[in-house]
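# Observations on the model geometry
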Amino acid sequence: MLTKYRIGEGWLGYPQSHRWSAIADVLQSGSGLILGLFLLAHLHFESSILLGKAAFYRVANVLEGGWFTSSGHGSSLLTQTFSVFMLLVVMVHAATALRRFPAQRRQWQALRNHNLLINHQDTRLWFWQMVTGFLMFFLVPMHLVTMITNPEIGPHLSAARVWHDNYWLVYILLLPAVVIHAMLGLYRLALKWGVNFHRDGLRLLAKILIGYLLVLGLCSLTAYLLIGSGLTTPVTPFIP
Amino acid sequence: MSRSLTFRIFRYDPQLPGDAPKMVDYQLDETPGMTVFIALNRLRAEQDPSLQFDFVCRAGICGSCAMVINGLPTLACRTLTAKYSDAVITLMPLPGFELIGDLSVNTGKFMRELAERLKLWLHPKAQQADIHHLEQPMEPEEAAKLYELERCVECGVCVSACATAQMRDTFVGAVGMMKIARFELDSRDARTADDFYHVIGTQDGVFGCMTLLGCQDNCPKDLPHMQQIAYLRRKMAGTLIASSKV
Ligand code: HEM
Ligand code: SF4
Ligand code: FES
């Protein structure tokens, strides 16, 4: 326990910078907020495929900056640039959130003992937030690197990625992980900084959003799979 | 007709050579208004004089009788057995403290070390330390706020209910932060905001808290941990980031 750090008459803690402890906490929360809000928008944009190929085609063109190009098609350079930016945000987030990770076996044991002995919902929810965060360490870079190297987005090209390139494997794991992690994260964020203290309401909202986003994401993934399975190679881009 | 209760109790005496931790069942007839504290006393008097557990006030004031009752850390003297409809009550010692034996843990040692580490006593301003001076009166609003935080009975529940505290030995825990908040509010205390930041503006203090809120949910005195810790976090983050100190 604490006595370990006692030297003579004084106390010796870890050498810590106070300012950096504060900065790391703010960076973690700030990056988490950006990622969480982005996810809410992102899942709706990609789900426009549920409204038909033409709807998705238009959404993709607008987000690629189609309004600012003469052709109206936008540029996938924007997708690439944005993906690089998101990768940087994820890196800041992962680096700062790592401070929370049970890094030693002894800490895992303590966490396990605690969860077996003490019945506490928010600790269990945090456990899943932490596990899904760990999974995303691997899954998020896969997704983002693909968007940087193969940034073409469109009803046929995206569907071909999901079906012919087997990307549904990544998405079927990433979807539940990111949705659970981000919604629980936003819930915790509100309580942590005292944005809102209506805890039961916030937790219910987080759970409803998890359910809703999972259904939305699974439906659109199915749509991509159906479209992709109907395409013949080489895949030609969708023309409305 | 009274029910027969089953008490499933953690038994282990670290002083006894060769003893190993085990769970032991005891049967006891429930009486009206029975608390876990009353039940434990009867078990010790009638069935097993070697059973170890702590109590002093039996009224929720001293904080000695905290233990984990059916998965929730709380005060045994304030827990009615009638609450448990299935008549099985599992008792475990508070985790995270030195085990004295069975249900008895050394929270006193922990609290003392914490107080020494965080200097949890009033540091009076110079003229107030002089007994020939009349003490400054305190505004009733301030006194009320102090009283709210002063209600902590140092039971240790918030430490054992916190997975962060269980994973990190040097984390000061909710009780440490609540007490710092208490002295920060106290106009008689000579320490500046900076002095307090030095103590808990770190990874071992408020920035190590992961907002699991086991403290808030289990504190038998219903202290406002969530609000206080969020307040400290905002205040410290703002001041520390703006400061030029590394
Ligand atoms: C890319 C999608 C991600 C989103 C939307 C996201 C969102 C969030 C949010 C909003 C929080 C709460 C922030 C806070 O408590 O200050 C959080 C916390 C956390 N994140 Fe992420 N995150 C993502 C990726 C990751 C990754 C890749 C990791 C892997 C290390 C990770 C690990 C964590 C951990 C361990 C916490 C808990 C920190 C704590 O409890 O204090 N996250 N995340
Ligand atoms: S803050 Fe509450 S739970 Fe923690 S030691 Fe004080 S009374 Fe017990
Ligand atoms: S015996 Fe004093 S608080 Fe329970």
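For clarity, every value in this text was computed on a predicted model and none was experimentally measured.

Rules used throughout
Residues numbered from 1 in each chain as written. Chains lettered and ligands numbered in written order. Predicted model: local features only at pLDDT ≥ 70, side-chain atom pairs only at ≥ 80, totals over all residues. Heavy atoms only, no water. Helix = DSSP H or I, 4+ residues; strand = E, 2+ residues; numbered from the N terminus. Buried < 20%, exposed > 50% of the residue type's maximum accessible area, 1.4 Å probe, protein only. Contact = heavy atoms within 4.5 Å. Lys, Arg positive; Asp, Glu negative; His and termini not counted. Charge placed at Lys NZ, Arg CZ, Asp CG, Glu CD. Near = heavy atom within 4 Å. Polar contact = N/O pair within 3.5 Å; in protein donor to acceptor, adjacent residues only side chain to side chain. Nonpolar A, V, L, I, M, F, W, Y, C, P; charged D, E, K, R; others polar. Buried area = accessible area lost by both parts, 1.4 Å probe. Salt bridge = Lys/Arg side-chain N within 4 Å of Asp/Glu carboxyl O. Pairing = 2+ DSSP bridges. Domains from an automatic or database assignment. pLDDT = per-residue confidence, 0-100. Core = buried A, V, L, I, M, F, W, Y, C linked by side-chain atoms within 4.5 Å. Axes fitted to C-alpha atoms, helices over the stretch in contact; angles between N-to-C directions. Parallel < 35°, antiparallel > 145°, perpendicular 65-115°, else oblique. Left-handed = near helix turned anticlockwise from the far one by under 90°.

### Focus: the overall build of chain B
- Of regular secondary structure, chain B possesses 9 helices and 7 strands.
- C-alpha extents for chain B along the principal axes are approximately 65 × 40 × 35 Å.
- The proportion of buried residues among the 246 residues of chain B is 52%.
- Long-range pairs, those at least 24 residues apart, make up 63% of the contacts in chain B between residues at least 6 apart in sequence.

### A short note on the overall build of chain A
- Each helix and strand in chain A was counted, giving 8 helices and 2 strands.
- Reading chain A from its N end, one meets helices and strands in the order β-β-α-α-α-α-α-α-α-α.
- Across its three principal axes, chain A shows a C-alpha extent of roughly 75 × 35 × 35 Å.
- Looking at chain A residue by residue over its 240 residues, the buried ones come to 44%.
- Taking contacts inside chain A between residues at least 6 apart in sequence as the whole, the part at least 24 apart equals 74%.
- For chain A, the separation between the mean place of its 17 positive charges and that of its 8 negative charges on side chains is 10 Å.

### So, the site of ligand 1
Residue and element names in this part refer to chain A.
- Residues in contact with ligand 1 amount to 23 residues; listed here are only the nearest, Ser 29, His 93, Trp 126, His 181 and Lys 192.
- A distance of 2.7 Å is found between a nitrogen atom of ligand 1 and a side-chain nitrogen or oxygen belonging to His 93.
- Arg 100 is positioned such that a nitrogen or oxygen atom in its side chain is 2.8 Å from an oxygen atom of ligand 1.
- Mapped onto the shell around ligand 1, the elements with two or more residues apiece are α1 (18-46), α3 (76-97), α5 (121-149) and α7 (168-192).
- Top contributing element to the shell around ligand 1 by residue count: α7, with 7 residues.
- Split by residue class, the shell around ligand 1 holds 12 nonpolar, 9 polar and 2 charged.

### Considering the interface of chain A and chain B
- Taken together, the contact pairs 40 residues of chain A with 49 residues of chain B.
- When chain A packs against chain B, the two sides together hide about 4300 Å² of surface, and 62% of this comes from carbon and sulfur.
- One can count 2 salt bridges joining chain A with chain B.
- Here Arg 233 of chain B and Asp 25 of chain A are joined by a salt bridge, their closest N and O atoms 2.6 Å apart.
- Our count for the chain A to chain B interface comes out at 17 residue pairs in polar contact (both at pLDDT 80 or more).
- Secondary structure elements with two or more residues in the side of chain A that touches chain B: α1, α4 (105-117), α5 and α7 of chain A.
- Taken together, the residues that form the side of chain A that touches chain B break down as 18 nonpolar, 11 polar and 11 charged.

### Looking at the pairing of strand β4 (residues 72-75) of chain B
Residue and element names in this part refer to chain B.
- Where strand β3 (residues 66-69) and β4 come together, 4 bridges link them in antiparallel fashion. Bridge pairing in β4 links Val 68 to Pro 73.
- Linking β3 to β4, which pair antiparallel, is a turn of 2 residues; within it Asn 70 sits at a positive phi near 45°.

### Side note on the pattern of salt bridges
Residue and element names in this part refer to chain B.
- Under the counting rule described, the total for this entry stands at 24 salt bridges over all chains.
- Note that Glu 148 and Arg 151 form a salt bridge whose closest N and O atoms lie 3.3 Å from each other.
- For Glu 148, a relative accessible area of 32% gives the class partly exposed.
- In this structure, Glu 184 and Lys 235 form a salt bridge, with 3.0 Å as the shortest nitrogen-oxygen distance. Within this pair, whereas Glu 184 is found in helix α6 (residues 173-185), its partner Lys 235 is found in helix α9 (residues 225-242), the two being separated by 51 residues in sequence.

### A look at the domain arrangement of chain B
Residues and elements named next belong to chain B.
- The domain architecture assigned to chain B consists of domain 1 (4-104) and domain 2 (106-242).
- Summed over both partners, the interface of domain 1 with domain 2 comes to about 1300 Å²; 57% of that surface belongs to carbon and sulfur atoms.
- Broken down residue by residue, the surface that domain 1 buries against domain 2 is led by Pro 73, Phe 97 and Glu 98, which jointly contribute 40%.
- Scanning the region where domain 1 abuts domain 2 turns up 1 salt bridge.

### Regarding the confidence of the model for chain A
Residues and elements named next belong to chain A.
- Counting all residues, the mean pLDDT for chain A is 89, and 91% of those residues have values of 70 or more.
- Mean pLDDT across the elements of chain A ranges from a minimum in strand β1 (residues 6-7), with 44, to a maximum in α7, with 97.
- Taken as a whole, residues 1-8 scores under 50 in pLDDT and shows 20 contacts with residues more than four places along the chain or in a different chain.
- Below pLDDT 50 for its whole length, residues 10-15 participates in 12 contacts with residues either more than four positions away or in separate chains.

### Focus: the nonpolar core
- The biggest cluster of nonpolar side chains holds 101 residues, and the ones touching the most others in it are Phe 7, Ile 9, Leu 40, Leu 91 and Met 177 of chain B.
- With 13 residues, α7 of chain A is the largest single contributor of residues to this core.
- Two domains each put at least three residues into this core: domain 1 (4-104) and domain 2 (106-242) of chain B.
- Residue contacts for Leu 40 of chain B: discarding those within four places in its chain leaves Ile 9, Leu 51, Phe 53, Met 67, Leu 91 and Leu 103 of chain B.
- The next biggest cluster of nonpolar side chains, apart from the first, holds 13 residues, and it includes Ile 49, Phe 56, Tyr 167 and Ile 227 of chain A.

### Examining the site of ligand 2
- Lining the immediate surroundings of ligand 2 are 13 residues, of which Cys 152, Cys 155, Cys 158, Cys 219 and His 225 of chain B lie closest.
- Residue composition of the shell around ligand 2, by class: 9 nonpolar, 2 polar and 2 charged.

### A short note on the packing of α4 of chain A against α5 of chain A
Residues and elements named next belong to chain A.
- The N-to-C vectors of α4 and α5 enclose an angle of 140°; their axes lie 10 Å apart at closest approach. Compared by their axis directions, α4 and α5 come out oblique. Classified by chirality, the crossing of α5 by α4 is left-handed. Residues Trp 108, Leu 111, His 114 and Asn 115 of α4 form the contact with α5, whose own contacting residues are Thr 123, Trp 126, Phe 127 and Met 130.
- In terms of residue class, the contact of α4 with α5 is built from 5 nonpolar, 3 polar and no charged.

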